[in-house]
Amino acid sequence: MLIGVIIACEVAFWLFLVAGLVARYPLRRPRLGAALLLAVPAVDLVLLAATMIDLRGGGTATFAHGLAAAYLGFSVAFGHSMVRWADERFAHRFAGGPPPRRAPRHGWARARHEWREWGKGMLGWAVACAVLLGGAALVGDAERTGELWAWAGRLTLAMAAWLVFWPVAYTVFPKRAPRDV
């Protein structure tokens, strides 16, 4: 059941985001657009409540509970930048705004970009781990919360791999800009 809630929350995230931007730009209703965009973070609260209610009601932590915590953490960390990314594109397409910004592709600017993104990932990791540990503390039964601890390890491993293969790699081996011939 929790997988269904996660999917519903992901769909709701994108529906509120697109509806808010459509109201803001093509429909020219900025207040309605702002109200719809404010609903985007409320989706996370619904998922958090559903996860904790399930665990508190005697459920044993499953893969879905860990996935919900990871979704929450990374939604908190990357949600604002995803909304900004979509807003730039809608403003450009429907309101004559400037072209959307692109991530740097070369040199130290790219390395700084990768470190900044990894920093957001670490915020997501911290939030997800706090939710995982909070769920484990809420249940108070190590046998029922083993999957939450396993998810903390998975997320830690993923963040270590991200660190090595992107920020460190782009810092040690910066990609050079192509030469004009």
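Residues numbered from 1 in each chain as written. Predicted model: local features only at pLDDT ≥ 70, side-chain atom pairs only at ≥ 80, totals over all residues. Heavy atoms only, no water.

Draft legend 1. Seen up close, helix α5 (residues 146-172). Here α5 is 27 residues long and its end C-alpha atoms lie 38 Å apart, about the 39 Å a rise of 1.5 Å per residue gives. Its maximal kink placed at Leu 163, α5 deviates by approximately 35°, while the proline Pro 167 follows within four residues. Every buried residue of α5 is listed here: Leu 148, Trp 151, Ala 152, Leu 155, Met 159, Pro 167 and Tyr 170. In this structure, the buried residues of α5 make contact with α2 (30-56), α3 (63-95) and α4 (107-139). (Helix = DSSP H or I, 4+ residues; strand = E, 2+ residues; numbered from the N terminus. Expected span 1.5 Å × (residues − 1). Bend = angle between axes of the 7 residues up to and from the residue. Buried < 20%, exposed > 50% of the residue type's maximum accessible area, 1.4 Å probe, protein only. Contact = heavy atoms within 4.5 Å.)

Draft legend 2. Looking closely at the nonpolar core. Formed by 36 residues in total, the largest nonpolar core has its most connected members in Leu 17, Leu 21, Leu 47 and Leu 132. Residue assignment for this core shows that the elements contributing at least two residues are α1 (2-24), α2, α3, α4 and α5. A total of nine residues in this core trace back to one element, the largest contributor, which is α3. Aside from chain neighbours lying at most four places away, what touches Leu 17 is Leu 37, Val 40, Val 83 and Ala 86. (Core = buried A, V, L, I, M, F, W, Y, C linked by side-chain atoms within 4.5 Å.)

Draft legend 3. Broad picture of the environment of Ala 169. With respect to the helices and strands, Ala 169 occurs in helix α5. Note: C-alpha distance between Ala 169 and Ala 111 (58 residues apart in sequence) is 8.3 Å. If sequence neighbours within four positions are ignored, Ala 169 has contacts with Val 164 and Pro 174.

Draft legend 4. Geometry of the packing of α3 against α5. One can describe the packing of α3 onto α5 by two numbers: an axis separation of 8 Å at closest approach and a directional angle of 45°. When the axis of α3 is compared with that of α5, the two are oblique. As for how α3 packs across α5, the hand of that crossing is right-handed. Listed contacts from α5 to Phe 63, His 65, Gly 66, Leu 67, Ala 70, Phe 74 and Phe 78 of α3 are Glu 147, Leu 148, Trp 151, Arg 154, Leu 155, Met 159 and Trp 162. Of the residues contributing to the contact of α3 with α5, the split by class is ten nonpolar, two polar and two charged. (Axes fitted to C-alpha atoms, helices over the stretch in contact; angles between N-to-C directions. Parallel < 35°, antiparallel > 145°, perpendicular 65-115°, else oblique. Left-handed = near helix turned anticlockwise from the far one by under 90°. Nonpolar A, V, L, I, M, F, W, Y, C, P; charged D, E, K, R; others polar.)

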